Amino acid sequence: MERRRVLSLAVLAGFGLTAGACSSPSAPKPAPSGSAGRLRIPPLAEPEIEAGGVKRYALTLQTGGSTGTWGINGAYLGPTVRATRGDRVRMHVTNRLPEATTLHWHGMHLPARMDGGPHQMIEPGATWTPEWTVDQPATTAWFHPHLHEKTAMHVYRGLAGLFLVDDPHGPHLPAEYGVDDIPLIIQDRTFDDDGELSTGRVDGGTYGLLGDTVLVNGARQPAFAVRTGLVRFRLLNASNARVYRVGFTDGRRFDVIGTDGGHLAHPVPVDRVKISPGERAEIVVRFTPGETAIMDSRGEDSKSANDIEEEDFTLLRLEAAAELKRSPALPAHLDGAATAAPPAGTRVRRFVLTGSEINDKDMDLTRIDEVVPAGALEIWEIDNTTFAHNFHIHEVAFRILDINGTPPPAWQAGPKDTVFIPKKAKVRLAVQFGRYADPASPYMYHCHILRHEDKGMMGQFVIVEPGTEASVPRTLPAGHHHT
Ligand code: C2O
Ligand code: CU
Ligand code: CU
């Protein structure tokens, strides 16, 4: 059984190579069966430059073959989109799957009609072409399907990719993609005896499927050849439910330089970062020539925290060359702003999380739950009355004010869009909303444990011109889809 699983993973890795889903600038050899192989670096999506300088990216959602995976421009996962602040981008998202789906830009600040949530369905054979101007701090965002009640399965099959935003005025950081700027997409999966993705429990149980195999960029326990003294890793938890506490087996410290929504004000040294589904962390790790290091995930020592982060996994083997290229020193100051305390009188909204509801309501595509004036700063208070959840808000950047009354650790003080909420915990967020007013197109907020999202643990908000809140219709027509 174990041998078959290893073989199936080699097959999956092989699909990635032959179909071009993931390829490394260092031209890896196909993984021999039974050994883990090289880390695959998702290729950068090459944009076409259209009239007016618009960058057009083509993303095709397609099936991946006999292992049951789905991918974007390939058999599993997608390319990395990289754009610069100020760019006008147009995405051509073509659905070649047998089912309708969507593609949501998680972490992007953009108009709600471009957001790719459950109102922007793409039918099989159709192409959706959202367009917006990238105007936000440098960050590691991502994209994945976001359809009503079926997000878990579509993401599990492999539809996900990174969307990196660069800011030319930002600090000098390792930024050579695939060399010292390395994306790590972490996902748990289970394969059956025939080497196919096992999907049976994706829609069942409290958390859906918790896979026994953890993949990094689509391969199990791959190795990366370190060639520079400093390496920046962009960690994305693209799992359906698992929480990881990422660090190294030797306990080495490293610096966190950014979270979901952008950089911190300065690097923060830690020995573990905990990321729940949807969360990102950018870290910079130091290496000495010739060493080998193992990146892993370790469960919390106390089992009180929750039940989705207790297992230990090996993630990545790092093999440093005998000679390493010198990296420029990590800047002492980054371009993230320090947290400003919300002024007295700031509006507070309260959300109570139960098993799979928010404020005792299931998701309803025709109901607007919250109406927010454009540009508002609000406090959102999330009170979790049950087992572990997390909470993601589209379009915004927020700061964690406190968790059970205690400010978060320094590395979590940066701009975020998703926060882990341990069981029975209360979290307060200072949320900065954007300015794209549209009373008829909602953004989502939800638990990013995809089984919970699919079960209805999601609500909708609209951003409107300040002063018009009271006159905004609170219902949308049924079957209302912007495409
Ligand atoms: Cu990553 Cu509402 O999504
Ligand atoms: Cu999102
Ligand atoms: Cu949840």
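Further remarks concern the overall build of the chain. Within the chain, the secondary structure is distributed over three helices and 31 strands. Counting every position in the chain, which comprises 483 residues, the buried fraction comes to 61%. Sequence-distant contacts, at least 24 apart, represent 77% of the contacts inside the chain between residues at least 6 apart. Approximately 17700 Å² of the chain is accessible, and the part contributed by carbon and sulfur atoms is 50%.

With that settled, consider the coordination of the copper ion (ligand 3). For the copper ion (ligand 3), every protein donor is listed as His389 (ND1), Cys447 (SG) and His452 (ND1), and the spread of their distances is 1.9 to 2.1 Å. Along the chain, the residues donating to the copper ion (ligand 3) are arranged with the sequence spacing H-x57-C-x4-H. Overall, the relative accessible area of 1% leaves cysteine 447 in the buried class.

Pairing is possible between side chains of opposite charge, provided their charged atoms come close. Overall, the coordinates contain 33 salt bridges when judged by the stated rule. The network of salt bridges with common partners includes Arg82, Asp166, Asp181, Arg232, Arg234 and Glu282.

Our focus in this paragraph is the side chain of histidine 109. Following the sequence through the fold, histidine 109 ends up in the loop between strand S6 (104-106) and strand S7 (127-128). The exposure class assigned to histidine 109 is buried, which follows from its relative accessible area of 17%. A distance of 2.6 Å separates a polar atom in the side chain of histidine 109 from the backbone oxygen of glutamate 395. With residues up to four places along the chain from it excluded, the contact list for histidine 109 reads Trp132, Gln136, Glu395, Val396, Ala397 and Tyr436.

Further remarks concern the layout of surface pockets. Of the pockets and cavities examined, the largest pocket occupies roughly 650 Å³. The wall of the largest pocket is formed by 28 residues, among which His109, Pro137, Ala397, Arg399 and Gln432 lie closest to the centre. Secondary-structure elements contributing two or more residues to the lining of the largest pocket are strand S18 (262-270), strand S27 (397-403) and strand S29 (426-432). Of all the elements, S27 adds the most residues to the lining of the largest pocket, at three residues. A per-class count over the lining of the largest pocket returns 13 nonpolar, eight polar and seven charged. Estimates place the volume of the second largest pocket at around 250 Å³.

To continue, consider the sheet that holds S29. Read from one edge of the open sheet, four strands run S23-S25-S29-S27, paired in mixed fashion. Both edges of this open sheet fall to strand S23 (348-353) and S27, since each of them pairs with a single strand only. With direction set aside, neighbouring strand axes in the sheet form an average angle of 25 degrees. With six bridges connecting them, S23 and strand S25 (residues 377-384) associate as parallel partners. Paired with arginine 349 across the bridge in S25 is tryptophan 380.

What follows concerns the environment of valine 464. Tracing the backbone through its elements, the reader meets valine 464 in strand S31 (residues 458-464). Under the relative-accessibility criterion, valine 464 is labelled buried at 2%.

The protein atoms that coordinate the copper ion (ligand 2) are His104 (NE2) and His392 (NE2), at distances of 1.9 to 2.0 Å. Taken as a pair, histidine 104 in strand S6 and histidine 392 in strand S26 (residues 389-393) lie far apart in primary sequence, 288 residues in all. Grouping residues by exposure puts histidine 104 and histidine 392 together as buried.

A few words on the nonpolar core. In a soluble, globular protein the nonpolar side chains are often hidden away together inside. Among the nonpolar cores identified, the biggest contains 55 residues, and Phe233, Leu235, Phe287, Met295 and Leu318 are the most heavily contacted of them. It is strand S22 (residues 313-325) that contributes the most residues to this core, six residues altogether. When we break this core down by domain, the ones giving at least three residues each are domain 1 (2-166) and domain 2 (181-325). For phenylalanine 287, the residues in contact, after removing those within four places along its chain, are Val226, Thr228, Gly229, Val231, Phe233, Arg252, Ala293, Leu318, Ala320 and Leu324.

Each value, and the rule that gives it
- Residues numbered from 1 in each chain as written.
- Chains lettered and ligands numbered in written order.
- Predicted model: local features only at pLDDT ≥ 70, side-chain atom pairs only at ≥ 80, totals over all residues.
- Heavy atoms only, no water.
- Helix = DSSP H or I, 4+ residues; strand = E, 2+ residues; numbered from the N terminus.
- Buried < 20%, exposed > 50% of the residue type's maximum accessible area, 1.4 Å probe, protein only.
- Contact = heavy atoms within 4.5 Å.
- Areas by Shrake-Rupley, 256 points an atom, 1.4 Å probe, with all protein chains shown as cover.
- Donors = N, O, S within 2.8 Å, 3.2 Å for Na, K, Ca; no water.
- Salt bridge = Lys/Arg side-chain N within 4 Å of Asp/Glu carboxyl O.
- Polar contact = N/O pair within 3.5 Å; in protein donor to acceptor, adjacent residues only side chain to side chain.
- 1 Å grid on protein atoms, 1.4 Å probe; cavity = no way out; pocket = protein on both sides within 12 Å on 5 of 7 lines; lining within 4 Å.
- Points joined across faces, edges and corners; volume = space filled by probe spheres on them.
- Nonpolar A, V, L, I, M, F, W, Y, C, P; charged D, E, K, R; others polar.
- Pairing = 2+ DSSP bridges.
- Axes fitted to C-alpha atoms, helices over the stretch in contact; angles between N-to-C directions.
- Core = buried A, V, L, I, M, F, W, Y, C linked by side-chain atoms within 4.5 Å.
- Domains from an automatic or database assignment.

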